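Report on the structure
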Amino acid sequence: MAVRTLKLQIMPNSSMEPHRHIDAFVYHGINLLDLAGPMQAFWTADCYHSKYKLRTLSADGQPVETQPGVKIAVDGKFSDWNPRADLLIPGGHVSGELQSGNLKPFLQQAAKRTNGARIISICSGALILADAGILFGKPASTHWSRASYANATYPEVDWQLDQLFVNSGNIYTSAGVTAGIDLSLYLIEQDLGSAISLKTAQELVVYLRRNGGQAQFSSALSLQAAGQTNIARLSELILSEPEADWTIEHMAKSAGVSPRTLHRRLKEDIGTTPAQFVERLRLDLARTALLKRSSIKQAAHLSGFGHIQNLRRAFHRNFGITPSEYVERFS
């Protein structure tokens with residue numbers, strides 16, 4: 001583990017503030033990794049260049065018990081928060097916090113800041129932000145298992161539940177657990193540059209950073225998790241014949257449902273249209289081919305996109321990067 005007495009001489013981005021304060025709001029039932037992962041990433045980055053000042057705050061200043069049963073001490077109360085600090089909201093069993101509303105006034109006040117301070121949520125922490133009303137009309141992500149609840153309870157939010165993390169102004173939301181580390185590495189890169197982000201990732205023995213547009217997992221797996229066996233079988237057919245003309249009528253007939261039912265199930269369970277579903281299955285195949293060292297042309301053919309330009313457009317639309325950039329990051 002890195003120690004603070006061994007700081008590497010890596011030049012960060014210039015014209016930065018001397019320090020960035022991060023106040024983590026914790027409550028009973030938080031997911032320990034939702035807190036520990038990002039805090040460890042920021043602490044490790046600070047070992048290479050002094051930048052971050054970290055604190056944990058609870059409603060009453062008393063220790064809180066995490067989901068695994070581990071109790072953690074805190075540095076103060078919610079009311080002690082620093083108006084210039086980034087706020088970190090971990091996920092977990094959020095029902096108690098939603099009922100109490102302890103965080104709502106602080107988050108609403110923080111959302112109005114214009115000093116560049118950020119609000120960062122991990123996993124179901126986004127539901128606390130949504131409950132405070134500060135995500136309304138904004139894109140956001142959270143753990144895939146919260147899809148039905150998030151869409152039903154907070155329909156005013158533009159939930160992008162197939163994304164690892166999403167940025168909207170000074171608000172950053174991420175999917176579960178390890179996606180919080182991905183988001184933290186992204187923020188470290190913004191604050192201190194790619195060299196320190198890379199050294200931090202190496203110290204944590206993780207990828208440099210998965211792109212925010214990287215899907216939480218494959219489209220086929222998400223259907224299996226949702227229990228949609230007939231549509232899961234459809235995904236297997238599409239994966240076996242990705243080059244076929246998968247119209248909604250063709251898909252519905254193969255799944256044994258009506259086009260209307262197919263559209264509804266895909267929208268409710270994984271938040272996609274039939275056309276988007278086909279594209280994402282093809283992207284699953286293309287990513288696999290690229291990571292197995294296929295050329296971009298071969299990947300386009302094997303995944304059913306046909307032409308390289310079709311594959312590039314799909315990558316940019318879904319991930320915000322090119323196939324070549326994907327290979328550089330993940331291979």
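Scroll up to find the structure.
Procedures and definitions
Residues numbered from 1 in each chain as written. Predicted model: local features only at pLDDT ≥ 70, side-chain atom pairs only at ≥ 80, totals over all residues. Heavy atoms only, no water. Pairing = 2+ DSSP bridges. Helix = DSSP H or I, 4+ residues; strand = E, 2+ residues; numbered from the N terminus. Right-handed = clockwise from strand over helix to strand, strands pointing away. Axes fitted to C-alpha atoms, helices over the stretch in contact; angles between N-to-C directions. Parallel < 35°, antiparallel > 145°, perpendicular 65-115°, else oblique. Contact = heavy atoms within 4.5 Å. Buried < 20%, exposed > 50% of the residue type's maximum accessible area, 1.4 Å probe, protein only. Expected span 1.5 Å × (residues − 1). Core = buried A, V, L, I, M, F, W, Y, C linked by side-chain atoms within 4.5 Å. Polar contact = N/O pair within 3.5 Å; in protein donor to acceptor, adjacent residues only side chain to side chain.

Note: strand β1 (residues 20-25) against strand β2 (residues 52-58), six bridges, orientation parallel. Within the sheet, the bridge partner assigned to A24 lies in β2 and is T56. Handedness of the β-α-β unit built from β1, helix α1 (residues 32-48) and β2 comes out right-handed.

Right, let's talk about the packing of helix α10 (residues 248-255) against helix α11 (residues 259-270) for a bit. How two helices sit against one another is set out by the angle between their axes and by the gap between those axes. Relative to each other, α10 and α11 sit at 90°, their axes nearing to 8 Å. Considered as vectors, α10 and α11 are oriented roughly perpendicular to each other. Note on element contacts: α11 touches α10 through P259, L262 and H263, opposite I248, M251 and A252.

This paragraph deals with the pairing of strand β6 (residues 86-89). Of the two faces of β6, the one lined by D86 and L88 and the one lined by L87 and I89 are each fully buried. Where β1 and β6 come together, three bridges link them in parallel fashion. Bridging from a neighbouring strand, A24 pairs with L88 of β6. Here β6 runs beside strand β7 (residues 119-121); their pairing, made up of three bridges, is parallel. Each bridged residue has a counterpart across the sheet, and for L87 the counterpart in β7 is I119.

On to helix α12 (residues 274-291), then. Residues that lie three or four places apart on an α-helix share one face, since the helix turns once every 3.6 residues. Between its first and last C-alpha, α12 extends 26 Å over 18 residues, near the 26 Å set by a 1.5 Å rise per residue. Of the residues one or two after α12, R293 is the one with positive phi, at around 75°.

Despite not being glycine, C123 shows a phi value in the positive range, around 55°. Position of C123 among the secondary structure elements: in the loop between β7 and α4 (125-131). Look at C123 and you get buried, because its relative accessible area is 9%. Phi is positive for R293, close to 75°, though the residue is something other than glycine. By relative accessible area, R293 is classed as exposed at 64%.

Now for the nonpolar core. In terms of nonpolar packing, the biggest core is built from 59 residues, with F25, L107, L135 and W159 touching the most fellow members. Setting aside chain neighbours within four positions, we find L135 in contact with A126, L129, A130, A140, V157, W159, I171 and T173. Judged by nonpolar contacts, the second largest core, of 15 residues, contains M251, L262, F277 and L281.

Considering the arrangement of structural elements, one finds S100 in helix α2 (residues 95-100). Within the structure, the side chain of S100 is placed 3.2 Å from the side chain of N102, a separation counted as a polar contact.

Attention now moves to the environment of H49. Considering the arrangement of structural elements, one finds H49 in the loop between α1 and β2. Classification of H49 as partly exposed rests on a relative accessible area of 29%. Separated by 147 residues in the primary sequence, H49 and I196 place their C-alpha atoms 7.9 Å from one another.

Distances and angles like these do not, on their own, reveal function.
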